[in-house]
Amino acid sequence: MPSRTSANAVARLLALGAAATLRAPAVRAQTIDDGFLFPKHQLRAGAEYGRDQWSQYWEGGLQRANDNIGTVTTRSLVGTAGYGATDRLSVFATLPYVWTRASEGVLHGLSGRQDLTLAAKYRVAGAMLAGRARLGAFATAGVGVPTSNYTVDFMPMSIGSGSRRAFGRAVLHLQDRAGWYVEGAAGHTWRSNVRLDRPAYYTDGHLYSTDEVEMPDVADYTAAAGYQRGRVCVPLALVTQRTLGGGDIRRQDMPFVSNRMNFTQLRAHAMYDLRVPSSVILDLGVMHTLSGRNVGRSTALTGGFAYAFGRPGF
């Protein structure tokens, strides 16, 4: 669960942002998943640190603990960059470095560079409704590739799935003049097969005499609401992932790379554009997994910053 110190930090940030809204230039969420774009010709670069932890997980549909692993902690440091190529097109790049650790048992943690993700987001259409709210439709496409030869056959200590990915996403975003907004999104991720360092494996009730594992595609859906005006942006999102295939974790067995991994998570962020030093944006976030299948019941805290180069209007 989030510490009281972290929760208080989020509350202070929200209060600070609300007080500074009226006279400030705009800060927006501007991630791969949302319905915002970077201003034209603005380059934004930053880093975000995250800590995700769980002591219980779903083995298929059964929620349980496991004294052989105790609490699993995943830390990540993510480098991010984005650029507003035009008024309607933004491009993104992210690269995480990940560490994993189990508090009990003999499984050793792993660490390393994970997957480089490149994406482009385009505003397909926009319209003003009744002079009070703006509706925008966005399309995002991207790819992800592993940047190191990390082990994929050691779940839950592996730092990723090792699969090359291509994804597409559609977002509808409605925001009124006061800054309140709602948005809905749906995405689909295609994943390439992966190879193991063994000639055979057993999953989903079948023995496979090959080192190649077919990875199922993934669908995700997001319903979000928030406030974005001036120097503050506070999105709140309910995110659901559904793996379109794969089997469950076998009873008393380790997870497998192609397992069906489903979850519903509640995510909240608070972003604030500092006055001093200018062009620096702080971002705090919290996430909790409400339900799942073959995933940990995790809670994560994140904190980071970004610097905006070539910022207009300052």
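Everything numeric here is computed off the predicted structure, so don't read it as measured data.

Q: Would you mind showing me how to read the pairing of strand S8 (residues 133–146) here?
A: Walk down a regular strand and you will see the side chains alternate between the two sheet faces. Where strand S7 (residues 115–129) and S8 come together, 14 bridges link them in antiparallel fashion. Its bridge partner lying in S8, threonine 117 is registered against glycine 144. Sheet topology places S8 next to strand S9 (residues 165–176); twelve bridges connect them, and they run antiparallel. For threonine 140, the partnering residue across the bridge sits in S9 and is arginine 169.

Q: Looking at this structure, I do not really get the pattern of salt bridges. What am I missing?
A: Enumeration over the complete set of coordinates arrives at eleven salt bridges. Salt-bridge contacts for aspartate 33 lead to arginine 169; the nearest nitrogen and oxygen are separated by 3.7 Å. Taken together, the positions of aspartate 33 in the loop between helix H1 (4–19) and strand S1 (43–54) and arginine 169 in strand S9 put the pair 136 residues apart, joining distant regions of the chain. Note that aspartate 273 is salt-bridged to arginine 231, the shortest N-O span being 3.6 Å. Taken together, the residues aspartate 273 in strand S17 (residues 262–273) and arginine 231 in the loop between strand S15 (218–229) and strand S16 (232–243) connect sequence positions 42 residues apart. Neither aspartate 273 nor arginine 231 differs from the other in exposure class; each is buried. Here the salt bridges do not stand alone but share partners, grouping Asp33, Arg169 and Asp220 into one network.

Q: Just checking my understanding: could you explain unusual backbone geometry for this structure?
A: Negative phi characterises most residues that are not glycine, and trans characterises most peptide bonds. Going from methionine 155 to proline 156, the amide bond is cis rather than trans, its omega being 10°. In this fold, proline 156 is placed in the loop between S8 and S9. A positive phi angle is found at alanine 130, which is not glycine, with a value near 55°. Residue placement: alanine 130 occurs in the loop between S7 and S8. Even without a glycine there, the phi angle at glutamine 252 is positive, about 60°. Relative to the elements of secondary structure, glutamine 252 occurs in the loop between S16 and S17.

Q: Whenever I open this one, the packing of aromatic side chains confuses me. Can you help?
A: Aromatic ring pairs are reported here in terms of the distance separating the ring centres and the angle at which the planes meet. A complete count under the given rule lists eight aromatic pairs for this structure. A ring pair is formed by phenylalanine 38 and phenylalanine 92, whose centres lie 5.3 Å apart and whose planes are at 40°; its orientation type is tilted. With phenylalanine 38 in the loop between H1 and S1 and phenylalanine 92 in strand S5 (residues 89–102), the pair connects residues that are 54 residues apart, well separated along the chain. Each of the two residues, phenylalanine 38 as well as phenylalanine 92, counts as buried. For the pair tyrosine 307 and phenylalanine 309, a centre-to-centre distance of 4.7 Å together with 65° between the ring planes defines the contact as edge-to-face. For phenylalanine 309, a relative accessible area of 40% translates into the label partly exposed. Positioned over the ring face of tryptophan 99 is arginine 75, at 4.9 Å from the centre of the ring.

Q: Explain the confidence of the model for the protein here, please?
A: Note that predicted coordinates carrying low pLDDT should not be read in detail. Here the protein averages 89 in pLDDT, and 89% of its residues register 70 or above. Contacts of residues 1–25 to residues separated by more than four positions or lying in other chains number 31 contacts, the stretch itself having pLDDT below 50.

Q: Teacher, can you tell me more about the pairing of S5 here?
A: Where strand S4 (residues 72–84) meets S5, 13 bridges bridge the pair, whose relative direction is antiparallel. Within the sheet, the bridge partner assigned to arginine 75 lies in S5 and is tryptophan 99. Of the strand pairs in this sheet, S5 and S7 are connected by six bridges, and their pairing is antiparallel. Each bridged residue has a counterpart across the sheet, and for serine 90 the counterpart in S7 is lysine 121. Of the strand pairs in this sheet, S5 and strand S6 (residues 111–113) are connected by three bridges, and their pairing is antiparallel.

Each value, and the rule that gives it
- Residues numbered from 1 in each chain as written.
- Predicted model: local features only at pLDDT ≥ 70, side-chain atom pairs only at ≥ 80, totals over all residues.
- Heavy atoms only, no water.
- Pairing = 2+ DSSP bridges.
- Helix = DSSP H or I, 4+ residues; strand = E, 2+ residues; numbered from the N terminus.
- Salt bridge = Lys/Arg side-chain N within 4 Å of Asp/Glu carboxyl O.
- Buried < 20%, exposed > 50% of the residue type's maximum accessible area, 1.4 Å probe, protein only.
- Phe/Tyr/Trp six-rings, centres within 6.5 Å; stacked < 30°, edge-to-face > 60°.
- Lys NZ or Arg CZ within 6 Å of the ring centre and 35° of its normal.
- pLDDT = per-residue confidence, 0-100.
- Contact = heavy atoms within 4.5 Å.

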